[in-house]
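These are the residues of each chain, in order.
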Amino acid sequence: MMNFDSLNAGMGEYSTSLHGALDTGLEPSMDPHLNPTLMQAVELDPEGLTVSVPEPVHLMEGMFSELHSVVSEVGIPVTAVHFDLQEEMLWMGNHRGHVTSYFGPTMGRHSSFQVHATDDIRHIHSLETGVLFLSKCNLKCYTRGGLVMFDYPMEEGADMHNLLMTDNNMLLMGGLQNYVVEVDLNTVQETQKFTVEAPGMAIMRQTNRFFFCGNTSGKITLRDLRTFKIEQEFDAFSGSLSDFDVHGNLLAACGFSSRGLNGLACDRFLMVYDLRMMRAVTPLQVHVDPLFLRFIPTYTSRLVIISQTGQCQFCEPTGLANVADIFHVNTVGQLLMSFDVSSSKQALAFGDSGGCVHLWSDVPEVSFNDYSRETDFALPCLVDSLPQLDWNHDLLPLSLIPMPLTSTEPLLSDWPAALATQSPRRAPAVDPEILRTMKTVGFIGYAANPRTRPRNQVPYKIKDVELDYDNYNQVPESPIGREEEPHLCLVPKKYRKVTIKYSKLGLEDFDFKHYNKTLFAGLEPHIPNAYCNCMIQVLYFLEPIRHLVQNHLCQKEFCLACELGFLFHMLDLSRGNPCQASNFLRAFRTIPEASALGLILADSDEQTGKAKLGRLIQSWNRFILTQLHQETQEQEGPQAYRGASSSSLGSSGESIIGKLFGCEVENSSLCRCGKETVRSSLTLLFTMHYPEHNSQNKTVKEHDFAEILKKSICLEQSTQAWCENCEKYQPTVQTRNIRCLPDVLVINCEVNSAKEAEFWKVQAEYAFNKAMQKEATEPARSSDPPPSNTEWCLDGEEICSMGGFTFDTRAEDLRHVWIPATLKMSISKTQGLEISSCSEGEELSSAEEAEGASLYDLVVTVPHVQDARTGGNLVAHIKVSETYHQRKEGVTHQQWYLFNDFLIEPIDKTEAAQFDVRWKVPAILYYAKRNYHTKYDLRIKNPIDASVLLTEASLARKQRKSHATFIPLMVSEMPQVGDLVGLDAEFVTLNQEEAELRSDGTKSTIKPSQMSVARITCVRGQGPNEGVPFIDDYISTQEQVVDYLTQYSGIKPGDLDAKISSKHLTTLKSTYLKLRFLIDTGVRFVGHGLQKDFRVINLLVPKDQVIDTVYLFHLPRKRMISLRFLAWYFLDLNIQGETHDSIEDARTALQLYRKYLDLSCGDGSDDVRKVLKGLYEKGRQLDWKVPDSDTGDGPIITKSAAVFPSVMGL
């Protein structure tokens, strides 16, 4: 922790830093360096406990005097002392890695144990649950009794000296190396590593306002704790820094000054700094050679200065030091090595080089802390003794007297052999999953643990109880579904959380068709914050929103409406394959309002299931509608991306979101004085409010859903509000009324506790019982078979009706149903809002239509599936309209579907309204006005035009024209249908892959690495400038990059930073629009491994527009061949020497495609097959490694020579 280069010559026997090991040849108990006079004044206890003081100690109040001394290990220097912050204990650590704790002012030994075998203890810090011990390259945490809690080793070459707690769980460690490590004590993992200047940080202090660091060069720096950047620097001493402390607005430091050829000398001037003005004040001259100093703020800001010889002086930092205030620690000729002050400022502790710990105090009854908790002591060893038996006692039980068995009669416990035959339990059968996945090596089989049973436990079932709660076996089980026994699970398979099983080929061999046999596109769930996938599908299947966002385009870098438009375009193009919302979620994470509302989850919350998804998705629903309303509140028609006028965000124009969901609300506040205040506003959704349940009456009353909904919309509640008439807060009755009906009624169910869930359950039971009674009283219906699940009832059919739901099924199927399928809503001048449930096939009469009544059909339900095994998930039931079926499947009908990430399955309409609150809790409902979409313009006008390819300015400040690596397209060069474009992309890693290693040595990917596109290059595929790039964009990112993959991507740290990059830096949205325009134009992309490139870029390209050289030069059931090997074999090019370059790779892929066309012009496929066989044979001979380029077998074209002259001349 300190610099000991110029200490007293008596310390020369130890290494200069006092951190090396002592002479191993010495006996630990008798060190020759020990001063013989040490033993004259003390008498050692045989067990090495407290030292008897020759004379009684009389303490004077307010004057520090020695209270007690203890010898831990004779001759072993005490390198660290620390007063426990929670208990009345004093800790010490010595030069040989041993620590001892002493209790109270009497310093009785509490615990003693070895922390490190060789290294010395450099810092001690007490926590609530344990104590931290820092050595040179190791941090350990022990309980106060000596049990190891964790062991955290450092990097090789670390030289740690000090640690500092920044909050309850975060710890900083610094030393004589060029970095400081931040460790999270909850996970015992490194969270950040800050680079600092040499010679590192030996001392760290912190106040409420500042963070201070001191090093051995004599400087003290003030740093920003978040970024670790230097804010202020004090050059305190010319030689080295010994110690410093901070209190209030003052910083005091002691150290060594340089004396030319004579080396360093202890400076008797303390440097004092005023932190308000950040400058030095008058130095304080002291009368001892300072080695340690601390503020002891009791009545005043006293300083205590300690010398290595044991002199101790107290003084005020702004006054003159008084010689009379000097005291002396009786070290018997030894040198002080460590020092600490208790939190109560009543006690001082000193550790010396002879192994003694000295306790000083200024009060007779000293306490180390103001509020210490009780200390646990080791329990004495108790030996059970047999009770004394009184033979003369009449009630003495005879069974307590041991007696030998002398009688020949058998004992009652001696069962006959026929009843005592051993019958061992038969071992249960081996799990079929283990047998299916087992690989045999020799006579030993290896298989992954399917985790269907607890480790080392085999349950024996007396009676097999098969409770099959679901009949949905046609849906293949997700890999995560193998982790439980089916009869113990209440949640049907199709509602369970689905995960993707990754292999060596990634997603290529994962069969999504097992989960989705429709032509609608699912969404992948492995992206952070993908809990909102179900709501993205809900918005997509609302026709006006789908058209709105696809017609929208603005200049904002992170616009959710734009990103939804791009995502919906991919969902339109997909034919059953899943898409991913990575770009949309990337923009979502940058919205400050989303973070403020707590909508952005950490990975740990998603994986462990800590997030309350039901409440979360309702907040997300409100947020996304508000955000889309703001972002699309602009003029009608598509906006030019590079228009001269800025975005009209926030203008007075009404958005389609407002027309679709908006409802004008009149809020009235009536004070008891009679003053009424009326305000109007626009609301996009309503929240359910349930009646208060009387705790005395245990039964819940029956309520109609329409009744509860009306009271929730026209809400009336009493609250305290400011009254301008009374000029104070008064009880106020607040009433809400609506003036118009929305086209789509959005309802947040707010079933966030067991109380609301019980209300739904009871109301569904009331409705079910009513339906059963009605079915019992009705005459038996005809025995005609009911329509299939995918068909809908025709008007006029005689069907069972319950609460507005009409089903051609038995009343038994209406269990857990409370919400109606159709609502009739109207607003009258006399009655206000009227809501009632009605039959699904019911039509309005002419009189009702004249009064403005409307029918609302249930189109969306979003439940929260509560599954304790996986943490739960969110799904959506969506009634898909005719237009979507016509566009995707060429049929005209309506159907309900279940959307569970990439699992999509048609369901019965009863299932969409069933909420078994034991596992399926309602979250969101959407009711749509019948035929509402007819008044909206549902034409899509692609807003992306050729202007996106025009020259644009770089975001990088240092980018110059001379650094340009591409020539933008001229107007005459605009791409046409069928034109070739060479494409390559480079990526960086945002999150590392999570994988597990199986027992047979194979690796299983749990979660893939999260990649982000960093560079996109497009080169011309024909014309006089063939091979010349026209797009070479580096993509700016605001997210933290964990790996730049420089060896494979060519991207270096700083290339994506607008402040220091010299590249052509753009936003992802800008480059995305360029590629979208090329796709919409109909160009054909040529590249190597384009499937992964387009996946990370989040683009869906039709297969007939992709020419991938990785498949052109590939034989079935053979390995894929790298671009470098193909370029060497076919083109005699040596590419990708040190790093990858996307221009070079895109150009090489174009040349390989030309080569493939030349090969195909010969004998056709047979000729190509012969060439490919020769390619694979050559590859096997060379182990697929490109030979060195100095063999002279033909021209080797390097990267620099392959750059076209037109690009070099830019």
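From a predicted model like this one, the values you see are computed outputs, not experimental measurements.

Trainee: It is not clear to me how helix α11 (residues 754-777) should be interpreted in this structure. Could you clarify?
Mentor: Note that an α-helix has 3.6 residues per turn; residues three or four places apart therefore point the same way. Along its 24 residues, α11 runs 35 Å from first to last C-alpha, staying within 8% of the 34 Å computed at 1.5 Å per residue. For α11, the set of buried residues is Ala-757, Phe-759, Trp-760, Val-762, Gln-763, Ala-764, Ala-767, Phe-768 and Ala-771.

Trainee: Hey, could you run me through the packing of helix α4 (residues 560-573) against helix α5 (residues 582-589) in this one?
Mentor: Packed helix pairs are characterised by how far apart their axes lie and by the angle those axes make with each other. The contact between α4 and α5 brings their axes to 9 Å, and the two run at 170 degrees. In terms of orientation, α4 lies roughly antiparallel with respect to α5. Contacts between α4 and α5 pair Leu-560, Glu-563 and Leu-564 from the former with Asn-583, Phe-584, Ala-587 and Phe-588 from the latter. Class assignment of the residues belonging to the contact of α4 with α5 gives a composition of five nonpolar, one polar and one charged.

Trainee: I would appreciate a short explanation of the side chain of Ser-307 in the present structure.
Mentor: In this fold, Ser-307 is placed in strand β25 (residues 301-307). There is a polar contact of 3.1 Å between the side chain of Ser-307 and the side chain of Thr-309. Ignoring anything within four residues of it in the chain, the contact list for Ser-307 reads Val-288, Asp-289, Leu-291 and Leu-336.

Trainee: Just to check I follow, could you spell out the UniProt feature "binding site: a divalent metal cation" (unreviewed entry) in the chain for this structure?
Mentor: Look at the UniProt record and you will see "binding site: a divalent metal cation" (unreviewed entry) annotated at Asp-984, Glu-986, Asp-1093 and Asp-1145. Spatial clustering of the annotated residues is evident: they stretch over 162 residues in sequence, but the largest pairwise C-alpha distance comes to 12.8 Å. Of note, Glu-986 is situated in strand β49 (residues 980-991). With a relative accessible area of 5%, Asp-1093 lands in the buried category. When residues no more than four places from it in sequence are discounted, the contact partners of Asp-1093 are Leu-983, Asp-984, Ala-985, Phe-987 and His-1088.

Trainee: Mind showing me how you'd approach the pairing of strand β28 (residues 336-341) here?
Mentor: Consecutive side chains of a regular strand alternate in pointing toward one face of the sheet and then the other. Along β28, six of the six residues are buried, which leaves the element largely enclosed by surrounding structure. Judged from the five bridges that link them, β28 and strand β29 (residues 347-352) form a sheet pairing that is antiparallel. Residue Asp-340 lies in a different strand from β29, and its bridge partner there is Ala-349.

Trainee: I'm lost on the side chain of Lys-920 in this one. Help?
Mentor: Tracing the backbone through its elements, the reader meets Lys-920 in strand β48 (residues 920-929). For the buried Lys-920, no salt bridge exists, and the shortest N-O distance to an oppositely charged side chain is 5.3 Å, to Glu-911. One polar contact links the side chain of Lys-920 to the main-chain carbonyl oxygen of Glu-911, over a distance of 3.0 Å. In contact with Lys-920, other than residues within four places in its own chain, are Tyr-495, Pro-863, His-864, His-877, Glu-911, Gln-914 and Phe-915.

Trainee: Would you mind going over the packing of aromatic side chains with me for this structure?
Mentor: How two aromatic rings sit relative to each other is given by the distance of their centres and the angle of their planes. Taken as a whole and assessed by the stated rule, the structure comprises 47 aromatic pairs. One residue, Arg-887, lies across the ring of Tyr-884, its end atom 4.8 Å from the ring centre. Across from the ring centre of Phe-915, 5.6 Å away, lies the NZ or CZ of Lys-920, which sits over that ring.

Trainee: Sorry if this is basic, but what is going on with a positive patch on the surface here?
Mentor: Together, Arg-1117, Lys-1118, Arg-1169 and Lys-1173 make up a region of like positive charge exposed at the surface. When you line up the elements, Lys-1118 lands in the loop between α18 (1109-1112) and α19 (1123-1131). A relative accessible area of 43% places Lys-1118 in the partly exposed class.

Trainee: Just checking my understanding: could you explain the sheet that holds strand β10 (residues 160-165) for this structure?
Mentor: Strand pairing in a sheet takes place through backbone hydrogen bonds and is either antiparallel or parallel in direction. Taken in spatial order, the four strands of this open sheet run β10-β11-β12-β13, and their pairing is antiparallel. Edge positions in the open sheet fall to β10 and β13 (189-195), since each of these has one partner strand only. Adjacent strand axes in the sheet meet at a mean angle of 25 degrees, parallel and antiparallel pairs treated alike. Both β10 and strand β11 (residues 170-175) contribute to a ladder of five bridges, which runs antiparallel. Across the sheet, the residue bridging to Leu-164 is Leu-172, located in β11.

Trainee: Could you clarify how one ought to interpret the sheet that holds strand β14 (residues 203-206) in this entry?
Mentor: If you trace the four strands from one edge of the open sheet to the other, you get β14-β15-β16-β17, paired in antiparallel fashion. Of all strands in the sheet, those with a lone pairing partner are β14 and β17 (230-235), marking the two edges. Ignoring strand direction, the axes of neighbouring strands in this sheet form an average angle of 20 degrees. Two strands pair when backbone bridges link them, and β14 and strand β15 (residues 211-214) are joined in this way by four bridges, in the antiparallel orientation. Across the sheet, Ile-203 pairs through a bridge with Gly-214, a residue of β15.

Trainee: What am I meant to see in the packing of helix α3 (residues 543-551) against α4 here?
Mentor: For the pair α3 and α4, interaxial distance at closest approach is 7 Å and the crossing angle is 115 degrees. Taken together, the axes of α3 and α4 lie roughly perpendicular to each other. Pair α3 / α4 crosses with left-handed handedness. Here α3 contributes Ile-545, Arg-546, Val-549 and Gln-550 to the contact with α4, which in turn contributes Ala-561, Leu-564, Gly-565, Phe-568, His-569 and Asp-572. Residues of the contact of α3 with α4, tallied by class, amount to five nonpolar, three polar and two charged.

Calculation criteria
- Within each chain, residues carry numbers counting from 1 in the order of the written sequence.
- For this predicted model, a pLDDT threshold of at least 70 governs which residues receive local features, and a threshold of 80 or more governs which side-chain atom pairs are given and counted, while totals over whole chains, interfaces and linings are taken from all residues.
- Hydrogens and water molecules were not included; the side-chain quantities draw on all heavy atoms of the structure.
- Each helix corresponds to a stretch of at least 4 residues labelled H or I by DSSP, and each strand to a stretch of at least 2 residues labelled E; elements are numbered beginning at the N terminus.
- A helix is expected to span 1.5 Å multiplied by its residue count minus one.
- With a 1.4 Å probe rolled over the protein chains alone, any residue whose accessible area is under 20% of its type maximum counts as buried; one over 50% counts as exposed, and the rest are partly exposed.
- Helix axes are fitted only over the stretch in contact, all axes being lines through C-alpha atoms; the angle between N-to-C directions runs from 0 to 180 degrees.
- Orientation is classified from the angle alone, with under 35 degrees giving roughly parallel, over 145 giving roughly antiparallel, 65 to 115 giving roughly perpendicular, and any other angle giving oblique.
- Every residue pair with non-hydrogen atoms within 4.5 Å of one another is taken to be in contact.
- Throughout, the ten residues Ala, Val, Leu, Ile, Met, Phe, Trp, Tyr, Cys and Pro are labelled nonpolar, Asp, Glu, Lys and Arg are labelled charged, and all others, Gly among them, are labelled polar.
- Polar contact is the term for a pair of N or O atoms within 3.5 Å; when the atoms are in protein, one must be able to donate a hydrogen and the other to accept it, and sequence-neighboring residues count only if both atoms are side-chain atoms.
- UniProt positions are given in the numbering used here, feature names are shortened, and annotations may be inferred rather than shown by experiment.
- The criterion for strand pairing is that DSSP finds at least two bridges linking the strands in question.
- When charges are tallied, Lys and Arg are placed among the positive residues and Asp and Glu among the negative ones, while His and the ends of the chain are skipped.
- The rule for a salt bridge is simple: a side-chain nitrogen of Lys or Arg has to be within 4 Å of a carboxyl oxygen of Asp or Glu.
- The aromatic pairing rule takes the rings of Phe, Tyr and Trp, using the six-membered ring of Trp, and pairs them if the centres are within 6.5 Å, calling planes under 30 degrees apart stacked, those over 60 edge-to-face and the rest tilted.
- We count a charge as sitting over a ring when the NZ of a lysine or the CZ of an arginine lies within 6 Å of the ring centre and within 35 degrees of the ring normal.
- Patch membership requires over 30% relative accessible area and the absence of a salt bridge. Like charges are linked within 9 Å, and nonpolar side chains (Val, Leu, Ile, Met, Phe, Trp, Tyr) within 5 Å.
- To measure how exposed things are, a 1.4 Å probe is used in the Shrake-Rupley method; for residues, cover is taken only from the protein chains shown.
- Lysine's charge is taken at NZ, arginine's at CZ, aspartate's at CG and glutamate's at CD.
- Crossing handedness: left-handed means the near helix sits turned counterclockwise from the far one by under a right angle, and right-handed means the same turn made clockwise.

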